[in-house]
Amino acid sequence: MYNIRRNVGIELECSADRYYSIRSPYWENGRDCSVRWCGHEFRFNKPYSGQDVVTAVDAITSWMKTTGFEVHGVGAGFHLHLDYSGVAHKASGFINIADSIYPYLSTKFGQARKDNDYCNNTDGIYSRYRWIHCANIHYNRRQTVEIRLHHGTKTASKILTWCELWSELSLQCDAGNIGIVRTKKQY
């Protein structure tokens with residue numbers, strides 16, 4: 001059902017009444033200070049694509065729902081890492097194209113997410129708190145472009161839909177099939 005062709009990494013931020021540890025072939029967990037209460041972050045232990053992403057997301061969201069995790073507040077987010085290993089030189093081109101559609105994308109998210117210090121549109125592309133950035137590439141950590149625009153969620157279909165969209169959009173941009181979107185002048 002979902003065709004996620006690029007390797008991706010996922011971070012899910014949430015809160016709970018106590019600290020939980022998960023045993024999973026896909027996920028690792030830790031603390032997240034950007035989320036109030038007892039902030040948790042679940043993240044892929046390595047990049048995955050295809051059915052592995054679907055299986056992993058279905059498993060963690062089911063587990064989160066039965067365990068009682070909550071996703072609330074402006075600090076809670078779903079962050080997506082697109083793997084740019086071997087093609088890091090194409091990352092800034094993709095970010096420029098994504099920035100050109102930001103005015104449209106930003107209408108799909110609440111004002112609280114747009115005004116969030118952890119997800120802004122004002123810093124440069126090497127700032128890790130920008131809505132989309134390549135700080136991980138620039139500072140020689142993981143070779144990923146991170147997208148921080150999404151609200152926190154424990155709904156598998158939302159996560160997988162965004163994974164599929166960003167995976168395909170980035171691959172098409174890298175191949176030169178999509179250029180910067182120019183907006184019409186307002187008269």
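The rules behind the values
- Residues numbered from 1 in each chain as written.
- Predicted model: local features only at pLDDT ≥ 70, side-chain atom pairs only at ≥ 80, totals over all residues.
- Heavy atoms only, no water.
- Axes fitted to C-alpha atoms, helices over the stretch in contact; angles between N-to-C directions.
- Helix = DSSP H or I, 4+ residues; strand = E, 2+ residues; numbered from the N terminus.
- Parallel < 35°, antiparallel > 145°, perpendicular 65-115°, else oblique.
- Left-handed = near helix turned anticlockwise from the far one by under 90°.
- Contact = heavy atoms within 4.5 Å.
- Nonpolar A, V, L, I, M, F, W, Y, C, P; charged D, E, K, R; others polar.
- Salt bridge = Lys/Arg side-chain N within 4 Å of Asp/Glu carboxyl O.
- Buried < 20%, exposed > 50% of the residue type's maximum accessible area, 1.4 Å probe, protein only.
- Polar contact = N/O pair within 3.5 Å; in protein donor to acceptor, adjacent residues only side chain to side chain.

Asker: I would appreciate a short explanation of the packing of helix α1 (residues 51–67) against helix α6 (residues 156–174) in the present structure.
Answerer: The packing of two helices is summarised by the inter-axis angle and the distance between the axes. For the pair α1 and α6, interaxial distance at closest approach is 9 Å and the crossing angle is 150°. As summarised for this structure, α1 and α6 are arranged roughly antiparallel, according to the angle between their axes. Seen from above, α1 lies across α6 with right-handed handedness. Here V53, V54, V57, D58 and T61 of α1 lie close against α6, whose contacting residues are A156, I159, L160 and C163. Considering only residue class, the contact of α1 with α6 consists of seven nonpolar, one polar and one charged.

Asker: What's the story with the pattern of salt bridges in this structure? I'm lost.
Answerer: Opposite charge on two side chains makes pairing possible when the charged atoms of those side chains draw close. The full count for this structure, using the stated rule, is six salt bridges. For the salt bridge of R6 with D174, the shortest nitrogen-to-oxygen distance reads 2.8 Å. Placement of the pair is R6 in the segment before β1 (8–16) and D174 in helix α6, with a sequence separation of 168 residues. Here the two residues R6 and D174 agree in accessibility, since each one is buried. Three or more residues joined by partner-sharing salt bridges are found here, namely E28, E41 and R43.

Asker: Help me understand the side chain of H81, please; the structure alone is not making it clear to me.
Answerer: In this fold, H81 is placed in strand β4 (residues 77–83). One polar contact links H81 to E11, side chain to side chain, over a distance of 2.7 Å. Of the polar contacts made by the side chain of H81, one reaches the side chain of T144; its length is 2.9 Å. Other than its neighbours up to four places away in sequence, H81 contacts N7, V8, G9, E11, N136, R142, T144, V145 and E146.

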